[in-house]
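Each chain, written out:
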Amino acid sequence: MMRRLALVVALGLTPMLAAPAHAVQPSEMLADPVLEARARDISAGLRCLVCRNESIDESDASLAHDLRVLVRQRLLAGDTNQQVVKYIVARYGEFVLLKPTTTGANLILWASGPAMFLAGLGLFALTLRRRKKGDPAQAKLTAEDEARLATILKE
Amino acid sequence: MITELGHFALVLALAVAVVQTIIPLIGAHKGWPGWMAVAEPAATAQFLLVAFSFGALMWAFITDDFSLKLVVENSHTLKPMLYKVAGTWGNHEGSMLLWVLILSLFGATAAMFGGNLPPRLRARVLAVQASIGVAFYIFILFTSNPFLRLANPPLNGQGMNPLLQDPGLAFHPPFLYLGYVGLSMAFSFAVAALIEGRVDAAWARWVRPWTLAAWVFLTIGIAMGSWWSYYVLGWGGFWFWDPVENASLMPWLIAAALVHSAIVVEKREALKSWTVLLAILAFGFSLIGTFLVRSGVITSVHAFANDPRRGVYILAILGFFMGGSLTLYAARASAMAAKGVFSTVSRETALVMNNVLLAVSAFVVFIGTVWPLVAELVFNRKLSVGPPFFNLAFPPFLIAAALLIPLGSLMPWKRARLGQSLRPLRGVLVLAVAIGALVWAMQTGRTALGPVGAALGAWLVAGSAVDLLTRTGRGPISTRLARLTRLPRAEWGKATAHAGMGILIFGICGVMAWQVEDIRIAKIGESFPVGQFEVTLEGVHKAQGPNYEATIADMKVTQDGQTVALLHPDKRFYPVAQMPTTQAAIQRSVMRDIYLVVGDKQANGGYAVRSYIKPFADWMWAGALIMAFGGFLSLTDRRYRIAVGARKSAATPVAAE
């Protein structure tokens, strides 16, 4: 576990750009097109652990290759898509999931966009209402002005 | 020698910037015209000094001066001249020098065209602009000095990352930086207005062109980066939700919001404090972007120059400028009372909705980008946030904004009636739905993405056309068409940019929904079907490039026996960097791109070949360019030219003396 993290960190700090990714290789692909399509689908959602923000479907790192083959092996063994993902996550942690789960603190991540949208709408509605209420108040004279007006009118 | 002069010029620029920060601010506070007037010559001097410094570094790259550490690390005698020039900014130190060059360029431009600004505001704007410069000059001189020499210069350099040796990428950073740094102008205006305690229509008229120009540059820069990744990475991806891409998308979204809210300030004197906040945030996101890219705090495909010490320093700059300006904002925002009132249904409200949607979408990108960091630091969870998250969380807000555009742009100011504004759009709505339905019926697949994209695109393009037409008033259609040419350029700019948005959306949806992919091992002479085409691998040969070795495939694409294209994808190997790259061969056309990539030779003698049909791919970049062109059209509008003209006529008597 620690070694893998160290590897990720080390790669993250090495000045280099990702090499052109050759993604999935023809030799890895399954003969059954339906199964292969499922494999591609799953691969697009799994992160290549030693790459920067690439899915195993896009990466040409050897680890990505191993994972692609593993995904296909599980599919051939009759796993459902969820079972395959579960199998990989059990071995590599939730770091491999490009789509974060909705459990625990991740709810903040998922809910923050809609929540902020609603908050923005609420804030705007509040400002509008306050302004509408505030407007006539602005037009009204203060007590001091009323008194002055009264004296002027008396004269 | 020239290198030392360049280094010295940079130090001088720092000194000038310090003077330009302090003296005009005091002058503006005390009302001393002489002290305020220091800002303009200082801004010009600063620009000239940085330009000289930048030129000196470029000279070192062009002449292969391997006594310079930076040149050794990033260049090589065999590198083509274009990339020696572009190599100046193709690395961390040089790109930061480009950053301050553009910063000082904007400062000098503001000094030059700022003739009709109130002197106090002008002095403050230039002082704030210079203070940003001070921070970044110190950053360059102390953590990323490009002018460091080597005691023992080697005979040749280590070369440049071959992936960066591409015309698309050579000019992508300057455009992006023009955008990022252009937003510093909006920031300087916002802070100056906060110090002044006044925001009015004239202020908005000043901020808008700078923001619009920055937005246009950002649009072009982002489009170029996406264009580059499309043909260089070998599978035609165009957007990866990579932290570095997100770093450019966030300021783009906020700048787009700012451009719209500044209209409300200019025309209606409402939304003032919100607009000032947006101006601060827009530059804040630029700084965050710089921080993300330069620190490598979030590992990313692009982080080719990262160093924690630099990251901490940029974080300090970010903290200082954002903390300072937001504190000032908190203290002064209440002074900026809105004058214009508007009802719930009005163009103002539509623009507020646009702002809310754009700000929220920027926020979604932001939280998705930093979430892995937050999760690790706060919740001790090591996780990833990738494209599946963004593809789900981001588009709804943008689609909502796109749906709103034609409606909002037809609404009158102050008070509108929904039914009345919708009436001219009935035809557009029918058209959009019909096109969506037609596409749905025609496609063989199952995805809703294509029809939705087509309908949205039609809604935006036709909606923009109707928007223009309704501005021509009443009368026979021929007179109305004649009036079209006389509409203000801002109207044309707005309609063009909105239509470009529609084309962009359609392109993205089209390529994502209807792409055809084929991956196989092909033997020489073998033919195989890809979509409606037949692809043949005719031969493979080797060739020698200027600084690489190439393996080139000759491939023929036919349709119904007719040859459609002869394409030559190649695979390159750069011996200096010991790195391979792929060059996809693409035959572009309006309806689809044919995209071929050749891979490694296989054990059985065949080659790994990838073939893609990418429908409407070029519509994405066309859409982005049309959007940028719309912004440019709006920039040339009469009311901005008049402002410049007024300054000129004021200046003539002096020149005549």
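Quick caveat: nothing in here was measured; it's all calculated off a predicted structure. (Residues numbered from 1 in each chain as written. Chains lettered and ligands numbered in written order. Predicted model: local features only at pLDDT ≥ 70, side-chain atom pairs only at ≥ 80, totals over all residues.)

1. A few points about the overall build of chain A
Consideration 1: Scanning chain A for helices and strands turns up six helices and zero strands.
Consideration 2: Counting every position in chain A, which comprises 155 residues, the buried fraction comes to 25%.
Consideration 3: Summarising the internal contacts of chain A: among those between residues at least 6 apart in sequence, 52% fall at separations of at least 24. (Helix = DSSP H or I, 4+ residues; strand = E, 2+ residues; numbered from the N terminus. Buried ≥ 20, exposed ≤ 12 C-beta atoms within 10 Å, placed from the backbone. Contact = placed C-beta atoms within 7 Å.)

2. Structural notes on the overall build of chain B
Consideration 1: Scanning chain B from N- to C-terminus turns up 23 helices and 10 strands.
Consideration 2: The C-alpha radius of gyration of chain B comes to 27 Å, within 12% of the 26 Å expected for a compact globule of 657 residues.
Consideration 3: Referenced to the eigenvectors of the C-alpha coordinate spread, the extents of chain B come out at roughly 85 × 75 × 60 Å.
Consideration 4: When each of the 657 residues of chain B is scored for burial, the buried share is 55%.
Consideration 5: Long-range pairs, those at least 24 residues apart, make up 74% of the contacts in chain B with a sequence separation of at least 6. (Rg over C-alpha atoms; globule rule 2.2 N^0.38 Å.)

3. Some details on the pairing of strand 5 (residues 562-567) of chain B
The side chains of a regular strand alternate, first on one face of the sheet and then on the other.
Residues and elements named next belong to chain B.
Consideration 1: The pairing of strand 4 (residues 549-559) with strand 5 spans five bridges and is classified as antiparallel. Within strand 5, the position partnered with Q559 by the bridge is Q562.
Consideration 2: Turn length for the strand 4-strand 5 hairpin, with the two strands adjacent in sequence and antiparallel, is two residues, and the turn residue D560 shows positive phi of about 50°. (Pairing = 2+ DSSP bridges.)

4. So, the confidence of the model for chain B
Residue and element names in this part refer to chain B.
Consideration 1: Summarising the model, chain B shows a mean pLDDT of 87, and 95% of its residues fall at 70 or more.
Consideration 2: The least confident element of chain B is helix 23 (residues 638-656), whose mean pLDDT is 48; the most confident is helix 3 (residues 39-62), at 95.
Consideration 3: Note that residues 300-305 has pLDDT below 50 and, in this model, 26 contacts with residues that lie over four places away or in other chains.
Consideration 4: This model gives residues 644-657 a pLDDT under 50, and the stretch forms seven contacts once residues within four places in sequence are excluded.
Consideration 5: Across the interface, the model reports ipTM at 0.84; the global pTM reads 0.89. (pLDDT = per-residue confidence, 0-100.)

5. What to know about the nonpolar core
One broad rule of soluble globular proteins: the nonpolar side chains tend to lie buried together.
Consideration 1: Counting 239 residues, the largest nonpolar core has A186, F189, I254, A255, A279 and A282 of chain B as its most contacted members.
Consideration 2: It is helix 10 (residues 201-232) of chain B that contributes the most residues to this core, 19 residues altogether.
Consideration 3: In this structure, A23 and V24 of chain A together with L233 and I519 of chain B belong to the second largest nonpolar core, which totals five residues. (Core = buried A, V, L, I, M, F, W, Y, C linked by C-beta atoms within 7 Å.)

6. Some details on the environment of L287 of chain B
All names here are of chain B.
Consideration 1: Within the secondary structure layout, L287 lies in helix 12 (residues 272-295).
Consideration 2: Separated by 302 residues in sequence, L287 and S589 have C-alpha atoms that sit 38 Å apart.
Consideration 3: If sequence neighbours within four positions are ignored, L287 has contacts with I317, L318 and F321.

7. A look at the packing of helix 11 (residues 243-268) of chain B against helix 14 (residues 347-378) of chain B
All names here are of chain B.
Consideration 1: Across the interface, helix 11 lies against helix 14 with an axial gap of 9 Å and an inter-helix angle of 160°. Considered as vectors, helix 11 and helix 14 are oriented roughly antiparallel to each other. Regarding helix 11 and helix 14, the two cross each other, and that crossing is left-handed.
Consideration 2: Its residues assigned to classes, the contact of helix 11 with helix 14 comprises 15 nonpolar, seven polar and two charged. (Axes fitted to C-alpha atoms, helices over the stretch in contact; angles between N-to-C directions. Parallel < 35°, antiparallel > 145°, perpendicular 65-115°, else oblique. Left-handed = near helix turned anticlockwise from the far one by under 90°. Nonpolar A, V, L, I, M, F, W, Y, C, P; charged D, E, K, R; others polar.)

8. Side note on the packing of helix 9 (residues 172-196) of chain B against helix 11 of chain B
All names here are of chain B.
Consideration 1: Direction vectors running N to C along helix 9 and helix 11 enclose 45°, while the axes themselves pass 11 Å from each other. Relative to helix 11, the element helix 9 is oriented oblique. Considering how the two elements wind past one another, helix 9 and helix 11 form a crossing that is left-handed. Residue-level inspection shows L176, Y180, L183 and A186 of helix 9 in contact with helix 11, the latter providing S248, P251, A255 and L258.

9. Here we look at the environment of H172 of chain B
Residue and element names in this part refer to chain B.
Consideration 1: Position of H172 among the secondary structure elements: in helix 9.
Consideration 2: On the basis of neighbour count, H172 is assigned to the buried category, with 24 C-beta atoms found within 10 Å.
Consideration 3: Through-space distance from the C-alpha of H172 to that of W228 is 8.8 Å; in sequence the pair is 56 residues apart.

10. What about the sheet that holds strand 9 (residues 592-601) of chain B?
All names here are of chain B.
Consideration 1: Ordered by their spatial adjacency, four strands build an open sheet running 1-10-9-8, and the pairing between neighbours is antiparallel. In this open sheet, the two edge strands, each paired with only one partner strand, are strand 1 (516-522) and strand 8 (585-587). The sheet shows a mean angle of 15° between the axes of neighbouring strands, taken without regard to direction.
Consideration 2: Pairing of strand 9 with strand 10 (residues 607-615) involves eight bridges; the strand directions are antiparallel. When the bridges of strand 10 are listed, R592 appears paired with P615.

11. Some words on the domain arrangement of chain B
All names here are of chain B.
Consideration 1: The domain boundaries assigned to chain B delineate domain 1 (2-152 + 162-370) and domain 2 (516-618).
Consideration 2: Relative to domain 2, the C-alpha centre of domain 1 lies at a distance of 40 Å.
Consideration 3: At the interface, 10 residues of domain 1 touch 16 residues of domain 2.
Consideration 4: Residue classes in the side of domain 1 that touches domain 2 are distributed as six nonpolar, three polar and one charged. (Domains from an automatic or database assignment.)

12. Quick word on unusual backbone geometry
Consideration 1: Even without a glycine there, the phi angle at E269 of chain B is positive, about 55°.
Consideration 2: Its location among the elements puts E269 of chain B in the loop between helix 11 and helix 12.

13. Quick look at the pairing of strand 6 (residues 570-574) of chain B
Residue and element names in this part refer to chain B.
Consideration 1: Taking burial as the measure, the five residues of strand 6 include four buried ones, the bulk of the element.
Consideration 2: Strand direction decides the pairing type here: strand 4 and strand 6, joined by four bridges, are antiparallel. Within strand 6, the residue paired with T551 across the bridge is K571.
Consideration 3: Two elements, strand 6 and strand 7 (residues 579-583), share five bridges in a ladder whose sense is antiparallel. Within strand 7, the residue paired with D570 across the bridge is Q583.

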